[in-house]
Structures are given as C-alpha cells and as structure tokens.
Amino acid sequence: MASDKRVALPIMTHPGIEMIGKTVREAVTDGQVHFEAIKALAERFPSAASTVIMDLTVEAEAFGAPVLIPENEIPTVTARLVSDAASVEALQVPSLEAGRVPEFLKANRLAVESITDRPVLAGCIGPFSLAGRLYDMSEIMVAIYIEPDVIMALLDKCTAFLIDYCKALKATGVAGVVMAEPAAGLLSDEDHMVYATPYIQQIVEAVQDDDFTIVLHNCGNMGQCTHAMVECGAAALHFGNLVDMAQVVEEVPAEMMVMGNLDPVGVLQQATPEAVYAATTELLEKTATAKNFVISTGCDLPPEVSEANIKAFFDAVEAYNAR
C-alpha cells in the first residue's frame, strides 16, 4: 500500500492447468498436478502472489456431500447433505484427512517450497457458503428465517472445520488464504451481520496475524453488504464485478486492502486482448487515488482464458505504472 506503483493480483489457476496439458479433474484431485499449474503461471506472469484453485466443493465433500468432478469444468455439489435439526445435530466435523483436503494441502506446501519470489495464497470456502452447500442454497435462505437455530448450529460446525483447515493451510507456509464467501452476497447487511460476519470473525481471530492474511472474497455482494464484510476483520477484501470499485474504495477503511474486480468471464475470457487492456486501464484510472487498491479479477478465472488476454491485463498495469 505504500508503493507508488499499482499492484496486480488476479485470482487464477485454470490457465496454468491448460498450460501444462492437464485436465481440471486431474488438478483438483492430485496435489502435484495442482502445484505444477500454479508454478507454470508463476513462471509466466508477474502476479504479486500465486493463488490456488478456488474449488468450493472441497470442504463440503469432506463433510460427506456428493460432488461431481467433470473432466474440464469446476466441480459441483450435486445434493444436499443435511435438511433438518436432527441431521445437522448428527453431522460430524470431518478430519483433515477427509476427501481431497490432503491433496489441497499438498499443493499449497509444494507451491510454498518452490515459488520463492512472491507470496502464495491458499484458498478455502467461507462458513455461510459451506453451510449453503450442505443444506442447499435455496433452502438455507428460507431456513435462516424459520429455523435460525438449526442454521446457526450448522454454521458452528462449518466454522470449527474451517478453523482447523485454515490452521493446516497456515502450517504449510502460505502467506494467507482467499476465503470465498459468495453466498453471503445474497444476504442483506443486517442478515450478513448475523449469519456470516460472526463466523468469519472467529476464523480471522484464530489464524490472522502479521504473517498470515485472510482475503475475504465475496463476488455475490452487489454493494448492500460491504459494511458487514468490513466488520469481519479480514485484512483484505476481494470484490466481484457486481460492485462499482470506485464506490467500494470510498466505503472501505484506508488501512484495509481492497481487491477486484474485472469480469473474469465477460472481459478476461470472452473479450479481445485490446478490450482487456482497455478495461484494465479504465479500472486503474477509476481507483487512482486509492492507495489500498490492488487490481484483480472479480473471481477465479474460469477455464479457457487465453494467455493473450492475461498478458494484456499485465501489459496494461505495466503501462499505467510507466506513466
């Protein structure tokens, strides 16, 4: 934040998977392949940090939720795991040996050991988004009003597991974790303060310190719950492309890092390199006075983003800094 230069940190791993000739399924099930994708991107692009895949099924799968892992698409939870007070009460907080958690820990450990010229940021899901995957998103949005105690009990278990997971990620040597909490963007500021903020605060208090940063990502926020995100206590906030970054940087305290928010699909995946360059430059100009702003993608880059478009993004940042 003290630098006069603009810093660029896109959330991306999928382009690296394609660069090494592997499939998404291989990367999300094999920590070695996952690491190799991260490493390939670090060698190719000057990102301020390396990031792991934003796979929001890993933690739900560890709890026992059924997950579909296609060959070249992002994995998805296919059915709810809990549906009432009894099933929530019976739900066990999983160990860190469950599901694909060990492979993700392996990818982070290998990345830290190999990538030494920049920080490595791990990834995890947020507690409300995890609860939504276990309970079903549509159902949980109703249940917070008719069965709030059940959802809070579920959130307690989700938070307990995420604290364990973040401690294990921290132990790999990563510099922080990008916590993806997109489902909380469906909440009003008031509801976020009840069903998301307190649980994120617990994780922040358990693991964040001078050497480990929580980057709270919420690409669902349309501006209505920015205040509740600030109250979570994360050192950095990462926004999706549904918000106006010029407005966000006015609402977030100057000592808190703000990141975002180029459209990963509409711009980075589907636009021309020239359009990517223009959109990047425009966002840098809109946030020119915000020393706490780090330009990024609004979410994890999807599969099939061209290297030319990623290069155009970094070229625009370099040209802006050369002014």
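Computed from a predicted model, the values in this text were never measured in an experiment.

### Remarks on the pairing of strand β5 (residues 176-180)
Consecutive residues of a regular strand have side chains that alternate between opposite faces of the sheet.
Turning to step 1, where the next piece is worked out: Of all 5 residues that make up β5, 5 are buried, and the element is covered over most of its length.
Turning to step 2, where the next piece is worked out: Both faces of β5 are covered, namely the face carrying Gly176, Val178 and Ala180 and the face carrying Val177 and Met179.
Turning to step 3, where the next piece is worked out: As paired strands, strand β4 (residues 120-125) and β5 are joined by 5 bridges and run parallel to one another. Residue pairing for β5: Ile125 is matched across the bridge by Ala180.
Turning to step 4, where the next piece is worked out: Of the strand pairs in this sheet, β5 and strand β6 (residues 213-218) are connected by 5 bridges, and their pairing is parallel. If you follow Met179 over to β6, its bridge partner there is Leu216.

### Re the packing of helix α7 (residues 127-135) against helix α8 (residues 137-146)
Turning to step 1, where the next piece is worked out: Where α7 contacts α8, the two axes come as close as 7 Å, and the packing angle between them is 110°. What the angle tells us is that α7 and α8 run roughly perpendicular. In the crossing of α7 with α8, the sense of the turn from one axis to the other is right-handed. Facing α7, whose interface residues are Phe128, Ala131, Gly132 and Tyr135, α8 presents Met137, Glu139, Ile140, Met141, Ala143 and Ile144.
Turning to step 2, where the next piece is worked out: Residues of the contact of α7 with α8, tallied by class, amount to 8 nonpolar, 1 polar and 1 charged.

### Points about a nonpolar patch on the surface
Turning to step 1, where the next piece is worked out: Among the surface-exposed residues, Val142, Tyr145 and Ile146 lie close enough to one another that they form a single nonpolar patch of about 340 Å² accessible area.
Turning to step 2, where the next piece is worked out: Looking at where Ile146 falls in the secondary structure, it is placed in helix α8.
Turning to step 3, where the next piece is worked out: Overall, Ile146 belongs to the exposed group, its relative accessible area being 62%.

### Brief notes about the environment of Val252
Turning to step 1, where the next piece is worked out: Considering the arrangement of structural elements, one finds Val252 in the loop between α13 (245-251) and β8 (257-262).
Turning to step 2, where the next piece is worked out: Separated by 23 residues in sequence, Val252 and Met229 place their C-alpha atoms 9.3 Å apart.
Turning to step 3, where the next piece is worked out: Ignoring sequence-local partners within four residues, the contact set of Val252 consists of Thr226, Val230, Leu237, Phe239, Val258 and Asn292.

Reading guide: rules and limits
- Residues numbered from 1 in each chain as written.
- Predicted model: local features only at pLDDT ≥ 70, side-chain atom pairs only at ≥ 80, totals over all residues.
- Heavy atoms only, no water.
- Buried < 20%, exposed > 50% of the residue type's maximum accessible area, 1.4 Å probe, protein only.
- Helix = DSSP H or I, 4+ residues; strand = E, 2+ residues; numbered from the N terminus.
- Pairing = 2+ DSSP bridges.
- Axes fitted to C-alpha atoms, helices over the stretch in contact; angles between N-to-C directions.
- Parallel < 35°, antiparallel > 145°, perpendicular 65-115°, else oblique.
- Left-handed = near helix turned anticlockwise from the far one by under 90°.
- Contact = heavy atoms within 4.5 Å.
- Nonpolar A, V, L, I, M, F, W, Y, C, P; charged D, E, K, R; others polar.
- Patch = residues over 30% accessible without salt bridge, like charges linked within 9 Å, V, L, I, M, F, W, Y side chains within 5 Å.
- Areas by Shrake-Rupley, 256 points an atom, 1.4 Å probe, with all protein chains shown as cover.
- Salt bridge = Lys/Arg side-chain N within 4 Å of Asp/Glu carboxyl O.

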